[in-house]
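Next come the chains, spelled out residue by residue.
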Amino acid sequence: MDKDNHFKCYLKLDLLPTPWCPGCGNGIVLKTICQAFSELDLPRDGTVVVSGIGCAGRSAGFFALDSVHTAHGRAIPVAEGIKYANDSLHVIVVSGDGDLLGIGGNHLLHAIRRNTNITVICYANEIYGMTGGQVSPTTPRSTKTLTTPDGNPDRPADVQLFFKHYNGYFARTTAYHLNHMRKCIVEALKFKGFSFVEARTMCIVNYGRRLGYKNSNEMLIHYKEFYKINDYAEELALNEIGIVKSIPAS
Ligand SMILES: Cc1ncc(C[n+]2csc(CCOP(=O)(O)OP(=O)(O)O)c2C)c(N)n1
Ligand SMILES: [Mg+2]
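Worth saying up front: this structure is predicted, and the values here are computed from it rather than measured. (Residues numbered from 1 in each chain as written. Chains lettered and ligands numbered in written order. Predicted model: local features only at pLDDT ≥ 70, side-chain atom pairs only at ≥ 80, totals over all residues. Heavy atoms only, no water.)

(A) Expanded view of the nonpolar core. If you look at the biggest cluster of nonpolar residues, it comprises 45 residues, and the most contacted ones within it are Ile33, Phe37, Phe63 and Val94. When residues of this core are traced back to their parent elements, those giving at least two are helix H1 (26-40), strand E3 (90-96), strand E4 (119-124), strand E7 (169-174), helix H6 (178-190), strand E8 (195-200), helix H7 (216-226) and strand E10 (240-244). Each residue touching Phe37, except ones within four places of it in the same chain, is listed here: Tyr10, Leu42, Thr47, Val49, Phe63, Leu65, Ile92 and Leu189. (Core = buried A, V, L, I, M, F, W, Y, C linked by side-chain atoms within 4.5 Å. Buried < 20%, exposed > 50% of the residue type's maximum accessible area, 1.4 Å probe, protein only. Helix = DSSP H or I, 4+ residues; strand = E, 2+ residues; numbered from the N terminus. Contact = heavy atoms within 4.5 Å.)

Encoded structure:
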């Protein structure tokens, strides 16, 4: 397999296409994760992928690796258990914003506190996609969803702040910024400790359409125009993407 196609060895190609809707950004994230695995030449028999429940959670089944599709919100503790049982494994969680920050939010806080050496890739589509478009912990304030027809009254979770008092690696990136996403994931995988990559990705069918986007390309253009790259910043502003490495304990 040539270098450009090497990432495919991490995928169950015979299962493609994925069940995701046309225009969904999850395939971009899935492919970029595999490209990052390929860049680091992660061993297929030494890498484990764990997911929770949701559209994003479906990705675990597409990796040609050992994988566990856990109960809703429980991917992180299962991944931690695997890592503590066999420290030589690379353990990666792939799941959605609702799964990781909503029902699973408690586990995330404690994994950050313990600084478990695993990587979490959050497919942050700002919505509960699989169940039809209910408000999620990353839905921006005032945004209309199925369950907030007058606009979300709450502030979204700013995950980088969860790291404030603990060492760890946080990065935010988007499905438009492909090279940046790959870099964020590669550095997360190399980080010795807990790493979290918030990958903004499009859900056009159960989210974007309600907001007036005609197609997911328009959502990509929004990412392009709204987000500025600010790598290695101490803290990212809402309109910034970048790597915030090893936020020091204060
Ligand atoms: C215990 C439990 N509660 C609720 C559900 C219903 N449920 C399935 S997926 C999901 C939301 C997933 O949202 P997210 O993690 O953002 O993934 P997405 O579908 O957006 O990729 C919910 C609430 C469930 N499967 N199990
Ligand atoms: Mg979601």
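The rest of the description comes next.
(B) A look at helix H2 (residues 75-85). Buried within H2 we find Ala75, Ile76, Ala79, Glu80 and Lys83. Projected onto a plane normal to the axis of H2, the buried residues spread over an arc of 130° and lie on a single side. Along H2, exposed side chains directed more than 90 degrees from the buried face belong to Tyr84 and Ala85. Of the surrounding elements, those touching the buried residues of H2 are strand E1 (47-51), E3, helix H3 (97-103), helix H4 (105-114) and E4. (Arc of directions from axis to C-beta.)

(C) The arrangement of the layout of surface pockets in detail. Taken as a whole, the largest pocket spans an internal volume of roughly 410 Å³. For the lining of the largest pocket, the elements supplying multiple residues, two or more each, are E8 and H7. Roughly 220 Å³ of internal volume is contained in the second largest pocket. Ile53, Gly54, Cys55, Tyr128 and Gly129 are, among the 17 residues lining the second largest pocket, the residues nearest its centre. For the lining of the second largest pocket, the elements supplying multiple residues, two or more each, are H3 and strand E5 (127-128). For the lining of the second largest pocket, the element with the highest residue contribution is H3, accounting for three residues. (1 Å grid on protein atoms, 1.4 Å probe; cavity = no way out; pocket = protein on both sides within 12 Å on 5 of 7 lines; lining within 4 Å. Points joined across faces, edges and corners; volume = space filled by probe spheres on them.)

(D) Summary view of the site of ligand 1. In the vicinity of ligand 1 lie 16 residues, with Cys55, Asp97, Gly98, Asp99 and Gly129 positioned nearest. Contacts to ligand 1 include Ile127, whose backbone N or O atom sits 3.0 Å from an oxygen atom. Between ligand 1 and Met130, the relevant distance is 2.9 Å, taken from an oxygen atom to a main-chain nitrogen or oxygen of the residue. The cavity where ligand 1 resides is the second largest pocket. Mapped by element, the contributors of at least two residues to the shell around ligand 1 are H3 and E5. By residue number, the principal contributor to the shell around ligand 1 is H3, which donates four residues. Each residue belonging to the shell around ligand 1 can be placed in one class, and the counts come to seven nonpolar, seven polar and two charged. (Near = heavy atom within 4 Å. Polar contact = N/O pair within 3.5 Å; in protein donor to acceptor, adjacent residues only side chain to side chain. Sits in = over half its atoms within 2 Å of the grid points. Nonpolar A, V, L, I, M, F, W, Y, C, P; charged D, E, K, R; others polar.)

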